Amino acid sequence: MIDLLRVLAGWLMAIAPYVFAILLGLILVFLLASIIIAIVVLFWWAGWTDHRVVRHALTGASAAPATRAVVAQQRIFMVYLSGIGHISSTYSTRYEDAFLAAIAAQVPDLIIVGDVFPFSVQNESMISERRLGWFWSWINAQRLRKGRLKFAGDLILIRNILYTAVSADRRYGPVYNYSVATLILNSLLHQGYRLGSGAPVTLLGYSGGGQIALATAGYLKTTLKAPVQVISLGGVVDAHPAIDRIDALYHLYGTKDRWERLGQCIFPARWPVAPWSRWNRAVAGGKITVRCLGPMAHEGRHSYMDDSAMLASGQSYMAHTATSIAGLVHQFAMEHEPIA
Amino acid sequence: MNTSFWNSLWQTLFVQGAALTIVLAGLSDGLGTQSIVLLVNRITPLRFAINLVLSIMLYVLGALAWIAAIWLATRVVLRDAMPLPQLIGAVSLAYVPLWFSVLALIPYLGQAISPLLNGWSLVLALFAVRQVFQVGLLQALAGTVLGWLSMLLVRAVVSQPAARLDHWLWAITTGRDTRIDVDHLPLMWSTDDDDPARGAKDTR
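Values in this document were obtained by computation on a predicted structure and should not be read as measured data.

Q: Would you mind going over the overall build of chain B with me for this structure?
A: A tally of regular secondary structure across chain B gives eight helices and zero strands. Start at the N end of chain B and walk to the C end: the helices and strands fall as α-α-α-α-α-α-α-α. Every one of the 204 residues in chain B was classed for burial, and the buried ones make up 44%. Summing over all exposed atoms, chain B offers an accessible surface of approximately 11,100 Å²; the carbon and sulfur share of this is 68%.

Structure representation (structure tokens):
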């Protein structure tokens, strides 16, 4: 037995330097990748990289001030920003399609704007990236195949978490959030929103999309001159200055959502020991409402969008989440209906 | 100053690598902080490089001035004349942690790295002074803080001309008259234009 332990200890001592070297290498790669992501955003802003973004003009019919007749026909707009597991604005999980359809079914005249990928300043899908497109395509294929290499899909999460960190960073955030807000505004106009109509807009952000929804909402509020509310679904959300400008923020969470709890931990302004912080003041003032939806997890089975997991009431997790959000969207639209 | 002083200074800076240590710290600091300001202001790559080289030069001058101030202060406090090159050699080691200043570029968490590295550097400087002058930690602290305060005093006295010089250097290296802080970027859209981001891009 003692000999066996000795052999084991010798073996551990032999591999320890290699394990240490691998760990150090992984940390260095992570640090390098995070710096590159921030630098890419700044290079794009500085015009050092090509601008391949397709923008819709603000001129023309959609940008013209709304007439009374148009205002009377106004519909309800909700922008959906996906979570960190996505690789483009068009890819949705089977959960998400049904979830958005369930919200749309409960809010008459609702237009869901879902074609903005929040983890890119150019609305460029990850598989379309010039240098790394092939890599992300391969990673996504492994993830969908659910084989032995499915864990590689976590690289997509890490990449998009880093973009969420860029959005929350006060040095890069203004540039990044403004760029994504431009994409959102263009999508709204493309879907028929009319500047000056005063039609209320809801931004629904799931996971890391919650941070970007809040951070972009301030710019949208200034330009639209209309009521803007943000709904964060399991969002990893910082106390962004946009809180002061928007009309309301609903932060919805599940008790088994570990990612949402991570947001509470890494953003000091959300700690209960900081009652003077922007977040806690807004909670106390009623602008931020923090609401528990139930025992939901962040993603996959038993998540907010799982239609097979049931609450004690007999309602599915997805139905409950969709009903809660639809109620908030509808209520906000009714409270801020433009006067014709 | 006799010839042996200059020989000793040359040996310390360029043979023992004190200058390289400080230059690397300056390069890392320039990439970690100054590069963000330059890119936000949409500077061209060539002007970016020129400004970065200039910021490294100013960083090295600042470091040497700080070490000289410590040397003067410790002479006053300890009434001891330790050779300046020896002090430069020791205190330049305090700039080694600042080689990692480029990590400040890490999104969100990077904002906390700069104060940590500066604190680490200050502690190393304290121990370097203590080692060189063979004094207690409190006396070393007194000499370092006095050197730092005298630097602040000099900066306050020359703040106006220094600001004019800073503005002049910014203008000639970047080709821009004003330096826009990221919090003051004119981020708004113009409905008269065909490009929503044009309003911001006109800040070029």
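Q: Just checking my understanding: could you explain the nonpolar core for this structure?
A: Looking at soluble globular proteins, one finds that nonpolar side chains tend to be buried together. Ranked by internal contacts, the top residues of the largest apolar core, which has 111 residues, are Tyr176, Ile184, Leu188, Leu203 and Leu224 of chain A together with Leu87 of chain B. Residue contributions to this core peak at 12 residues, all from helix α3 (residues 45-78) of chain B. Those residues in contact with leucine 203 of chain A that sit more than four places away from it in its chain are Val79, Ile184, Ala213, Thr216, Ala217, Leu220, Val228, Gln229, Val230 and Ile231 of chain A. With 31 residues, the next largest nonpolar core counts Tyr95, Ile231, Leu293 and Leu311 of chain A among its residues.

Q: Explanation requested: the packing of aromatic side chains in the structure shown.
A: Geometry of an aromatic ring pair is reported as the spacing of the ring centres plus the angle between the planes. Counted according to the given criterion, the structure contains 12 aromatic pairs over all chains. When the ring of tryptophan 48 of chain A is compared with that of phenylalanine 48 of chain B, the centres are 5.3 Å apart and the planes differ by 80°; the resulting orientation is edge-to-face. Here phenylalanine 48 of chain B lies in helix α3 and tryptophan 48 of chain A lies in the loop between α1 (2-46) and α2 (68-72), a pairing that spans two chains. When its relative accessible area of 11% is taken as the criterion, phenylalanine 48 of chain B is described as buried. Taking the centre distance of 6.5 Å and the plane angle of 75° together, the rings of tryptophan 66 of chain B and tyrosine 95 of chain B count as edge-to-face. Of this pair, tryptophan 66 of chain B sits in helix α3 while tyrosine 95 of chain B sits in the loop between α4 (84-91) and α5 (113-133); the two residues are 29 residues apart in sequence, bridging distant segments of the chain. Assessed through its relative accessible area of 11%, tryptophan 66 of chain B is described here as buried. For tyrosine 95 of chain B, a relative accessible area of 7% translates into the label buried. Here the aromatic cluster, defined as three or more aromatic residues joined through ring pairs, consists of Phe43 and Trp48 of chain A together with Phe48 of chain B. The ring of tryptophan 45 of chain A has arginine 42 of chain B sitting right over it, with the charged end atom 3.7 Å from the ring centre.

Q: Would you take a moment to explain the side chain of glutamate 129 of chain A for this structure?
A: Residues and elements named next belong to chain A. Inspection of the secondary structure puts glutamate 129 in the loop between β2 (110-113) and α4 (133-145). Residue classification places glutamate 129 among the buried residues on the basis of a relative accessible area of 18%. A polar contact is formed between the side chain of glutamate 129 and the side chain of arginine 159, at a distance of 2.9 Å. Among residues more than four places away in sequence, those in contact with glutamate 129 are Glu124, Trp136 and Arg159.

Q: What is the right way to read the sheet that holds β2 of chain A from this model?
A: Within a beta sheet, neighbouring strands are joined by backbone hydrogen bonds and run either parallel or antiparallel to one another. Residue and element names in this part refer to chain A. Read across the sheet, six strands follow the order β2-β1-β3-β4-β5-β6 without closing on themselves; strand pairing throughout is parallel. The open sheet is flanked by β2 and β6 (288-297), the only strands paired with a single partner. The average undirected angle you get between the axes of adjacent strands in this sheet is 20°. The strands touched by helix α10 (residues 317-335) within the sheet are β1 (76-81), β2, β3 (201-206), β4 (228-233), β5 (248-256) and β6, with β4 carrying the most contacts at an inclination of about 170°.

Cut-offs and rules
Residues numbered from 1 in each chain as written. Chains lettered and ligands numbered in written order. Predicted model: local features only at pLDDT ≥ 70, side-chain atom pairs only at ≥ 80, totals over all residues. Heavy atoms only, no water. Helix = DSSP H or I, 4+ residues; strand = E, 2+ residues; numbered from the N terminus. Buried < 20%, exposed > 50% of the residue type's maximum accessible area, 1.4 Å probe, protein only. Areas by Shrake-Rupley, 256 points an atom, 1.4 Å probe, with all protein chains shown as cover. Core = buried A, V, L, I, M, F, W, Y, C linked by side-chain atoms within 4.5 Å. Contact = heavy atoms within 4.5 Å. Phe/Tyr/Trp six-rings, centres within 6.5 Å; stacked < 30°, edge-to-face > 60°. Lys NZ or Arg CZ within 6 Å of the ring centre and 35° of its normal. Polar contact = N/O pair within 3.5 Å; in protein donor to acceptor, adjacent residues only side chain to side chain. Pairing = 2+ DSSP bridges. Axes fitted to C-alpha atoms, helices over the stretch in contact; angles between N-to-C directions.

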